[in-house]
There are 2 protein chains.
Amino acid sequence: MRAFADAGRSLAHATLPRVKLRELGEFGLIERIARAAARRRGTRGVVLGIGDDAALLRLRAGEQVAVSTDACFEGVHFRLRNESPRTLGRRALVANLSDLAAMGARPLGCLLALALPPGLLVRTADALVAGLLDEAARHGCPLVGGNLSRASEISLTITVIGAVARGRGLRRGAARVGDRLFVTGTLGGAALERARAERGRGRIRHVPVPRLRAGRALATFAGRVACIDVSDGLDADLAHLLAGRALGAEIDSSRLPVPPGFRAACKRSRLDPEALARGGGEDYELLFTLGPAAPSAARLARRLGVRVTEIGRVVRRAPASPAPAHRGWRHF
Amino acid sequence: MRAFADAGRSLAHATLPRVKLRELGEFGLIERIARAAARRRGTRGVVLGIGDDAALLRLRAGEQVAVSTDACFEGVHFRLRNESPRTLGRRALVANLSDLAAMGARPLGCLLALALPPGLLVRTADALVAGLLDEAARHGCPLVGGNLSRASEISLTITVIGAVARGRGLRRGAARVGDRLFVTGTLGGAALERARAERGRGRIRHVPVPRLRAGRALATFAGRVACIDVSDGLDADLAHLLAGRALGAEIDSSRLPVPPGFRAACKRSRLDPEALARGGGEDYELLFTLGPAAPSAARLARRLGVRVTEIGRVVRRAPASPAPAHRGWRHF
């Protein structure tokens, strides 16, 4: 196991267009990653970044640590024929940052455990890491450590570390009957692009925006808030949001926010727009409930800095009915 | 990507001796892990464990966060024919805890990103997780979240989160010429057992003890301390400890601490004891330097609660000589 800390020092810095990882060597790649990360460094929360047994991060007074980890594997979560390695690196970090957004946390730093086949081109690995570092810089979440391993499949396992004021973390499970249900941004766009890419029509280019600002704004709300990010799809994540309680939701499908031109594009590709908007994942919007006296969607949008749509409300679920997760959450 | 948070609820709790993961399903295994973890829960640092978008952990006033991630892949870092899944789960967490020990940090919690082939027996996955939870409970580092993915190879990517008093983290790179070099415990035992297992003679059973108490004691030292854990082997990790500076070390090989019966066992297996003690990794002892006025090894042992041996001292390395990492650190 090679921590990023344990870099060698023998490496040129040059672009290596045709070199494979097995020729560069493990420490060579680690050094390239550490150097690329060092060029981007720079948030105040990092006491000690790449280069030691652990990274050290600083909280502000009264804050708690928020941590989450997420893995993506080639052939399961992505295919490099469907997107550039740079896009993949960006999307992989966004998936993790979205978990911090859904807790109302601000990012402090991230760790990358990267597993790569020895026959991979160095430039592919460089592009993956560059994509991740792009998003890391954009959202103030510097790469502070990681691990590199040989493996037969490409995988990126990312851990994000954030901070949230004590008692202010946005939890699932706070919803009650009568609460109003909101979602940021639009749904279905990522699923449409993926479905088209799977059919050989274009590649995945869109990188969702993790709703960090919106999550932090929600965390300052005085009232009851339950929040999750839409990573698996609206229906599945709604089930997670309400899990463990005898709650269901009434969704007004006609109000589901979709991207411009979405319905026409679905029609051209013979895809069901509602199925994509409800079942497709990876939009990384925030799905949240607020009490009945919550502000209007328009006022929330101003406060959260992003489009907000009210899509339904929380209702009682009959005790005998199956839990939403087990019936696909299609009809309730 | 499935966070541990997103468990289903349809599962029996029973032992499943012949069931494969593809029959149990992803959410089924997640629920088993979440339940097993919940039975062990219980340190004061956990504000929110498995079951949300991120875990929340609490620091004490004046502490900083220490984080580290480490991956182990089947065929690269372990083989299940050489050890039980329970031992593997234990060793995987120890490797991570050792990084916290080497920073002088106390553990707060851990995250497990587990990747498993669908054809694996559920009981193998259960045993892996049980091993990890055993060590987690022993060292006060509860499992607070994670991720489960299908993959063609078994891998465990663990992130540990710890806390260390501000300015007290044990860094590498603090060593100076004339400093004295110490190591806790014994070296070579893990490499001997692994070498024997690779030859089909016995399995790996020994689980190293992460030197958390010793690390925390070192972090309270008033004087200069540089510290690393011996994961790659004494020579390699010594190179990492001194990396980036024109430093070398003189090691007195005759003083290297080895386990009881080590030389005889090496002889029986026709293995070179010095090569194992210097080159073998995974003993997870702490290797550290202290200034010339440091206490004796015997006094340090009392303070650190573990055997301590003085094995050499830090010397100047001629600027023209190659960095230790690149010549195998065998002769200096």
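Residues numbered from 1 in each chain as written. Chains lettered and ligands numbered in written order. Predicted model: local features only at pLDDT ≥ 70, side-chain atom pairs only at ≥ 80, totals over all residues.

**Q** Pulling in residues and values, what's your account of unusual backbone geometry?
**A** Residues and elements named next belong to chain A. The backbone phi angle of Arg-270 is positive, close to 55°, even though this residue is not glycine. By the element assignment, Arg-270 lies in the loop between helix H8 (262-268) and helix H9 (273-279). The backbone of Glu-282 shows a phi angle near 70°, a positive value even though the residue is not glycine. Of the residues examined, Glu-282 has 22 C-beta atoms within 10 Å and is grouped as buried. (Helix = DSSP H or I, 4+ residues; strand = E, 2+ residues; numbered from the N terminus. Buried ≥ 20, exposed ≤ 12 C-beta atoms within 10 Å, placed from the backbone.)

**Q** How would you explain the relation of the copies chain B and chain A if you had to name every residue and give the values?
**A** Each copy of the sequence occupies a distinct position, and chain B is placed on chain A by a rotation of 180° and an axial shift of 0.0 Å, giving an RMSD of 0.0 Å. Considering both components of the superposition, the chain copies are consistent with a two-fold axis. (Least-squares fit on C-alpha atoms with pLDDT ≥ 70 in both.)

**Q** Please give an account of the confidence of the model for chain A that cites residues and values.
**A** Residue and element names in this part refer to chain A. On average, chain A scores 90 in pLDDT, and the residues at 70 or more come to 90%. Ignoring residues within four places in sequence, the model shows residues 8-12, a span with pLDDT below 50, making eleven contacts including any to other chains. For this predicted complex, the interface confidence reaches an ipTM of 0.91, while the overall pTM sits at 0.92. (pLDDT = per-residue confidence, 0-100. Contact = placed C-beta atoms within 7 Å.)

**Q** An account of the interface of chain B and chain A is requested, with residue identities and associated values reported.
**A** Contact with chain B, which involves 62 residues of that partner, is made by 61 residues of chain A. Of all elements in the fold, only strand E2 (46-48), strand E3 (55-57), strand E4 (63-73), helix H3 (85-103), strand E5 (106-116), strand E6 (143-150), strand E7 (155-165) and strand E9 (225-229) of chain B reach the threshold of two or more residues within the side of chain B that touches chain A. Per-element accounting of the side of chain B that touches chain A gives the leading share, ten residues, to E4(B). Sheet analysis places strand E4 (residues 63-73) of chain A next to E3(B), joined by three bridges and oriented antiparallel. The residue bridging Val67(A) from the neighbouring strand is Ala55(B), located in E3(B). (Pairing = 2+ DSSP bridges.)

**Q** Would you mind going over helix H7 (residues 234-242) of chain B in detail, with residue names and values included?
**A** The buried fraction of H7(B) amounts to nine of the nine residues, a majority that puts the element mostly inside the structure. Taken together, the buried residues of H7(B) touch E9, strand E10 (247-251), helix H9 (273-279), strand E11 (286-290) and strand E12 (308-316) of chain B.

**Q** Give me the lowdown on the sheet that holds E10(B), citing residues and values where you can.
**A** Residue and element names in this part refer to chain B. Pairing is antiparallel across the open sheet formed by five strands, whose spatial order is E9-E11-E8-E12-E10. Edge strands, defined here as strands with exactly one partner in the open sheet, are E9 and E10. Ignoring which end each strand starts from, the neighbouring axes of this sheet average 30° apart. Bridging between strand E8 (residues 180-184) and E12 involves five bridges; their strand directions are antiparallel. When the sheet's bridge partners are listed, Phe-182 is paired in E12 with Glu-310. On the sheet, H3 packs against E9 and E11 and is oriented at approximately 175° with respect to E9. Contacts from helix H10 (residues 297-304) reach E8 and E12, with the element oriented near 115° to E12. (Axes fitted to C-alpha atoms, helices over the stretch in contact; angles between N-to-C directions.)

**Q** I'd like to hear about the domain arrangement of chain A, residue by residue, with values.
**A** Residue and element names in this part refer to chain A. Per the domain assignment, the segments making up chain A are domain 1 (7-165) and domain 2 (180-327). Computed over C-alpha atoms only, the centres of domain 1 and domain 2 are separated by 27 Å. Taken together, the 19 residues of domain 1 in the interface contact 21 residues of domain 2. Among the secondary structure elements, those contributing two or more residues to the side of domain 1 that touches domain 2 are helix H3 (85-103) and strand E5 (106-116). Residue contributions to the side of domain 1 that touches domain 2 peak at twelve residues, all from H3. (Domains from an automatic or database assignment.)

**Q** Can you explain the sheet that holds strand E9 (residues 225-229) of chain A? Please cite residues and give values.
**A** Residues and elements named next belong to chain A. One open sheet holds the five strands; their spatial order is E9-E11-E8-E12-E10, and the pairing between them is antiparallel. Each edge of the open sheet carries a strand with a single partner, namely E9 and strand E10 (247-251). Ignoring strand direction, the axes of neighbouring strands in this sheet form an average angle of 30°. The pairing of E9 with strand E11 (residues 286-290) spans five bridges and is antiparallel. Pairing of Cys-227 across the sheet is with Phe-288, part of E11. The strands touched by H3 within the sheet are E9 and E11, with E9 carrying the most contacts at an inclination of about 175°.

**Q** I'd love a proper account of the pairing of E9(B), names of residues and values included.
**A** On a regular strand, each side chain points to the face opposite its neighbour's, so the side chains alternate between the two faces of the sheet. Among the five residues in E9(B), five count as buried, and that is most of the element. A two-sided burial pattern is seen for E9(B), the buried positions comprising Val225(B), Cys227(B) and Asp229(B) on one face and Ala226(B) and Ile228(B) on the other.

**Q** A description of the environment of Gly145(B) should follow, citing residues and the corresponding values.
**A** Position of Gly145(B) relative to the elements: it lies in strand E6. Taking the C-alpha atoms as reference, Gly145(B) lies 6.4 Å from Gly49(B); in sequence the two are 96 residues apart.

**Q** Report on the packing of helix H2 (residues 26-40) of chain A against helix H4 (residues 122-138) of chain A, specifying residues and quantitative values.
**A** Residues and elements named next belong to chain A. H4 packs onto H2 with a crossing angle of 25° between their chain directions and a minimal axis gap of 10 Å. Between H2 and H4, the interaxial angle falls into the category roughly parallel. Two packed elements cross with a definite hand, and for H2 against H4 that hand is right-handed. Contact residues: H2 offers Leu-29, Arg-32, Ile-33, Ala-36, Ala-37 and Arg-40, while H4 offers Val-122, Ala-125, Asp-126, Val-129, Ala-130, Leu-133, Ala-136 and Ala-137. Split into classes, the residues belonging to the contact of H2 with H4 amount to eleven nonpolar, no polar and three charged. (Parallel < 35°, antiparallel > 145°, perpendicular 65-115°, else oblique. Left-handed = near helix turned anticlockwise from the far one by under 90°. Nonpolar A, V, L, I, M, F, W, Y, C, P; charged D, E, K, R; others polar.)

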